[in-house]
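The primary structure of each chain is shown beneath.
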Amino acid sequence: MIHLGELLSAHLDGELSPAERDRVAEHLEECDRCRDELEELAAARAAVRSLPLVEVPAAALGLPEPVVVPLTRRKSVWAGMAAAAAAISIVVASVLAPDGTAVTPQDLSDPFGARVSLDPGFTPTKVAQVRVATGEFAE
Amino acid sequence: MRKAPLLVVMVLLTPVITAADLSDYLERSTTAEFQGDQIVTCATPDGVRDAVLQIVGRDGSLVVTSPVGDGESLSAGYGSLAVAGPDGSVRATQVASATDGPGPDRYSIVETIPGVYLGRSAETVVVERDGEARARMTFDAETGALLRSIVFQAGQRVYCDARMVSFDPSAPGIVTSGAEPEVVHVLESTAEFDPRALPDEVEGFVRLDQYRYDDSSVLAYYSDGFFAFTLLHSRRPVRLETSEALTRVESGNGFYERIYGPGTSLYVWESRLGGLAMFGDLPPDLQDRVLAGLPEPDQPSIFIRWWRRIFG
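## A look at the overall build of chain A
A tally of helices and strands in chain A yields six helices and one strand. Listing each helix as α and each strand as β along chain A from the N terminus yields α-α-α-α-β-α-α. Counting across all 139 residues of chain A, residues that qualify as buried make up 27%. Looking at chain A alone, contacts between residues at least 24 apart form 45% of all its contacts between residues at least 6 apart.

Here's what the structure looks like:
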């Protein structure tokens, strides 16, 4: 009796013609050995397909490493420099710039009071007003 | 023959020309010795401002305290202003030099009214500038002290009324501690300033002196012999530090920030030439006219503001 042999693998892979499939089916009904061999071959294939996939490094296969080139839009050099300059200006200005010349009402009223005392229009009211204007004497 | 009666009539109708002019009254009042209580009430565009003060005139100086203040007293005279705190500490501002002012030549006495004030013989004079009544002042006949001063704004409307409610010329008290000032701020004269920001004259007010305030600022003093103000110019923006509420007044391309006190006003603004601040005792309409003659408010671009803040 001639057994199926390599035809079993082709049968499992669906590579047989319809005539060959009929002949394999008739043989398997009469041959216990070929049925057992078909079951073992099917079980082995199922076990192999259940294994996880492992990525083999290209170097292990003697292939060059791929070079990845991102697909991004190129910015203008001047725009980049302007943005950098603006950022630096903001930082420098915020760090170095004082908030102007700070004055209090007394900074202005006291010199006024001192200087007006030399004027012919110097009166008690002017002196009184100097300090009152700062709010220190205000009711 | 027909001119003689007419001449007599003209002589009779001519107002009595007083021997003393305004500068005589003011000079005498400065050297008067007295003590008294004064009430100041001012009707400003931002509301009423008033105060109660105790004043002592002695040796040509004036000492001012307030019964409702925090215990500070002021002593002013001969180019110096000293502030004595309740703890006895004293800080002073002194001018190193000063130019003689023009005197109140723009002001003329148009009426002299003898009378009685606080039971004392007194003289009241009405003062005009450029034909407009500006003040009505009552002087004590015996000492020459200024007993009451009414300042008018445009249209002879009362701006401020400062009046003595008690007056005693017999015993001017000593209210200063006599302590040496712990801090003395000397105003040194400088010739380095921007005449565009600090003009020689504005509305009859003459720039008499200019003093260095800091590395980027100059303080100028203006007077017309009667009213006066100081004008601060800085190449940088001027920022007013105060807890008082500021009034914002739109003008030109920018705005003024303003505070009124009893008889004084303080303006701060930014112009094309930098920051400016004005403090003085001008009536509101004179303030407006002076401000119109100074650099107007302007808001420079953000880059110019940065530049000024960094480089002055």
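## Section: the domain arrangement of chain B
Residues and elements named next belong to chain B. Taken domain by domain, chain B consists of domain 1 (22-168) and domain 2 (188-311). On the side of domain 2, 18 residues touch domain 1, which itself brings 26 residues to the contact. By residue class, the composition of the side of domain 1 that touches domain 2 is 15 nonpolar, six polar and five charged.

## Some thoughts on the nonpolar core
Membership of the largest hydrophobic core comes to 80 residues, with the highest contact counts inside it found for L231, L232, Y267, L276 and A277 of chain B. Not counting residues up to four positions away in its chain, the partners in contact with L231 of chain B are L198, A220, Y222, L276 and M278 of chain B.

## Some remarks on the environment of T31 of chain B
Residues and elements named next belong to chain B. By the element assignment, T31 lies in the loop between helix 2 (22-30) and strand 1 (34-44). Judged by the 14 C-beta atoms lying within 10 Å of it, T31 falls in the partly exposed class. For T31 and A145, which are 114 residues apart along the polypeptide, the C-alpha to C-alpha distance reads 8.1 Å.

## Re the sheet that holds strand 14 (residues 205-214) of chain B
Residues and elements named next belong to chain B. In spatial order, the strands read 13-14-15-16-21-20-19-18; together these eight strands make up an open sheet with antiparallel pairing. Edge positions in the sheet fall to strand 13 (201-202) and strand 18 (247-251), since each has one partner strand and no second. Strand direction decides the pairing type here: strand 19 (residues 254-260) and strand 20 (residues 265-271), joined by five bridges, are antiparallel. Residue pairing across strands places R258 opposite Y267, the latter belonging to strand 20.

## A look at helix 5 (residues 105-116) of chain A
Residue and element names in this part refer to chain A. When the terminal C-alpha atoms of helix 5 are compared, their 16 Å separation across twelve residues agrees well with the 16 Å that a helix rising 1.5 Å per residue should span. Counting buried positions along helix 5 yields twelve of twelve residues, so the element is predominantly enclosed. Among the residues making up helix 5, those that are buried are P105, Q106, D107, L108, S109, D110, P111, F112, G113, A114, R115 and V116.

## A look at the pairing of strand 14 of chain B
Residues and elements named next belong to chain B. Note that strand 13 and strand 14 share two bridges and pair antiparallel. Within strand 14, the residue paired with E201 across the bridge is V206. Count of turn residues in the strand 13/strand 14 antiparallel hairpin: two residues, of which E203 carries a positive phi of about 55°. Sheet analysis places strand 14 next to strand 15 (residues 217-223), joined by seven bridges and oriented antiparallel. Residue pairing across strands places R207 opposite Y222, the latter belonging to strand 15. Between strand 14 and the antiparallel strand that follows it, strand 15, lie two residues.

How each quantity is defined
- Residues numbered from 1 in each chain as written.
- Chains lettered and ligands numbered in written order.
- Predicted model: local features only at pLDDT ≥ 70, side-chain atom pairs only at ≥ 80, totals over all residues.
- Helix = DSSP H or I, 4+ residues; strand = E, 2+ residues; numbered from the N terminus.
- Buried ≥ 20, exposed ≤ 12 C-beta atoms within 10 Å, placed from the backbone.
- Contact = placed C-beta atoms within 7 Å.
- Domains from an automatic or database assignment.
- Nonpolar A, V, L, I, M, F, W, Y, C, P; charged D, E, K, R; others polar.
- Core = buried A, V, L, I, M, F, W, Y, C linked by C-beta atoms within 7 Å.
- Pairing = 2+ DSSP bridges.
- Expected span 1.5 Å × (residues − 1).

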